[in-house]
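Architecture at a glance
One-letter residues, chain by chain:
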Amino acid sequence: MILAKDQLTGLLDHLSTGQARLYVPARVDATSRFALYGPGIKTAFNLVSTMMPPKDLLFPQTQKMYRYGFDAEGVPFIDPVHDDDEVIAFGLRPCDMASIDCMDEVFLTKGYADEFYTPRREKLLTVVIGCTAPAETCFCSSMGGATDAAPTADIQLNETTDGAAYTVKAHTEKGEAALSDWETFTSDGDGDPIKASCSLVVSMDGIKEKLDTMYDHPLWERIARKCVTCGTCTYVCPTCHCFDIGQNNRMKEGERFRSWDSCMFSSYTLMAGHHNPRADKMPRVRQRFLHKLCFFEDRYGRSLCVGCGRCVEKCPVALDITELIDEIGALDLPSATDASRATDVPRATDAPGATDAPPAVASAASVADAPPAMTAKEVGA
Ligand code: SF4
Ligand code: SF4
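Below, the structure is looked at part by part. Everything quoted here is computed from the prediction, not taken from an experiment.

Cys237, Cys305, Cys308, Arg310 and Cys311 are the nearest of the 14 residues found near ligand 2. Among the elements that make up the shell around ligand 2, the one with the highest residue count is helix 9 (residues 310–314) (three residues). The class makeup of the residues in the shell around ligand 2 is nine nonpolar, three polar and two charged.

Below you can see the structure in the form of structure tokens.
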């Protein structure tokens, strides 16, 4: 099936009149992100990727969870707030789709299904457009992805080599069903899709095994010196998923909400009694990289970095995860074995004071993501 490029606007106009809310890459003020399609929107399908990732469609930056209070008879109530509107995310990149796969692992697997993520995910239709000109910061092909393939997307488009159309393919039943609504704008046929490759390449060979032995390596202290702990890397990252929970009380009623948090902030691990296992910068920087490249793989069998390059582009001090991977790759370290990891590598519970600290308030997502011996926030992001 083919979608001619001159039919794209007609298709978007049509989809936006349906039941689902349609989100597309757009320029909004000084930034770019997935925005609700409608009059006046500045679509940005030409961007390699949006500055802000699409994760807020599933995991909003601030999300109401419950309303609570007393009803007219004085009976207490707690009402969960679930947003289960149908949503179409049109124009995701393959790395964005891979990041949604990571989020699905955290919020939907290992015996735990997040009650606020689940309905949003079930009602989301994902439409990926393959990349034709990756940025110099893109390295998805080194992280198990590909610029022209998103096998878990509902629908995948790829620009044809003549630049006039997209090939259209459904990967899921949901995608197949959705395509029946595209028929006025598509035609039968096949095109030759563009296959682009990332110029930025890193080798992940042996990186996980080396990181298994590197908890106390002096490299972390040197790397961390550069970091100004602004948290930008975690906010622009499509896979960072940690949150804090707060509440607004108004007399006899109130709301609980969750909002994105960042492991780069010292307050992130601050516990009751003012104990803080990561008060210093080095353990926070180390945690971020170990979670991306090591701990997540321990639990889910895949990296938590999809190679989108957003943090590489936006870190104000150029603390570059690809340079770190190269540096680790060049280190002459013995490979870790399960035995050496179990006995030699300190875990979060080895941190001074970890055992006598009062338990942290644990978020569900963080708990689901945590190796068993750690507190929730130790492995948050
Ligand atoms: S964006 Fe860079 S400086 Fe800011 S917290 Fe992340 S690594 Fe540190
Ligand atoms: S760590 Fe950086 S490159 Fe990797 S997914 Fe997050 S923002 Fe993208």
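In the Ramachandran plot, methionine 251 falls in the positive-phi region, its phi being about 50° despite a non-glycine side chain. By secondary structure assignment, the location of methionine 251 is in the loop between strand 12 (243–250) and strand 13 (253–260). The backbone of alanine 318 sits at a positive phi, close to 55°, despite the residue not being glycine. With respect to the secondary-structure elements, alanine 318 resides in the loop between helix 9 and helix 10 (321–330). By the C-beta count within 10 Å, which is 9 here, alanine 318 ends up exposed.

Counting 71 residues, the largest nonpolar core has Tyr23, Ile88, Ala89 and Val127 as its most contacted members. For this core, the leading source of residues is helix 2 (residues 94–108), giving eight residues. The residues that make up this core include at least three from each of domain 1 (2–187) and domain 2 (207–379). Other than its neighbours up to four places away in sequence, isoleucine 88 contacts Leu15, Ala20, Leu22, Tyr23, Leu125 and Val127.

Criteria and thresholds
Every residue gets a number counted from 1 within its own chain, in the order that chain's sequence is written. Chain letters start at A and ligand numbers start at 1, both assigned in the order the entries are written. Thresholds applied to this predicted model are a pLDDT of at least 70 for local features of residues and 80 or more for the giving and counting of side-chain atom pairs; totals over whole chains, interfaces and linings are not thresholded and use all residues. Near, as applied to residues and a molecule or strand, means the residue's backbone-placed C-beta atom lies within 6 Å of it. Note on conventions: DSSP H or I runs of at least 4 residues are helices, E runs of at least 2 residues are strands, and numbering of each starts at the N terminus. Polarity classes work like this: nonpolar for Ala, Val, Leu, Ile, Met, Phe, Trp, Tyr, Cys and Pro, charged for Asp, Glu, Lys and Arg, and polar for all others, with Gly in that last group. To assign burial, the other C-beta atoms lying within 10 Å of each residue's own C-beta are counted, with C-beta atoms placed from the backbone; 20 or more indicates buried, 12 or fewer indicates exposed, and intermediate counts indicate partly exposed. What we call a nonpolar core is a set of buried Ala, Val, Leu, Ile, Met, Phe, Trp, Tyr and Cys residues whose membership is set by joining through C-beta atoms within 7 Å. Residue ranges assigned to the domains are those given by an automatic or database domain assignment. Note on contacts: each residue gets a C-beta atom placed from the backbone, and two residues are in contact if those atoms are within 7 Å.

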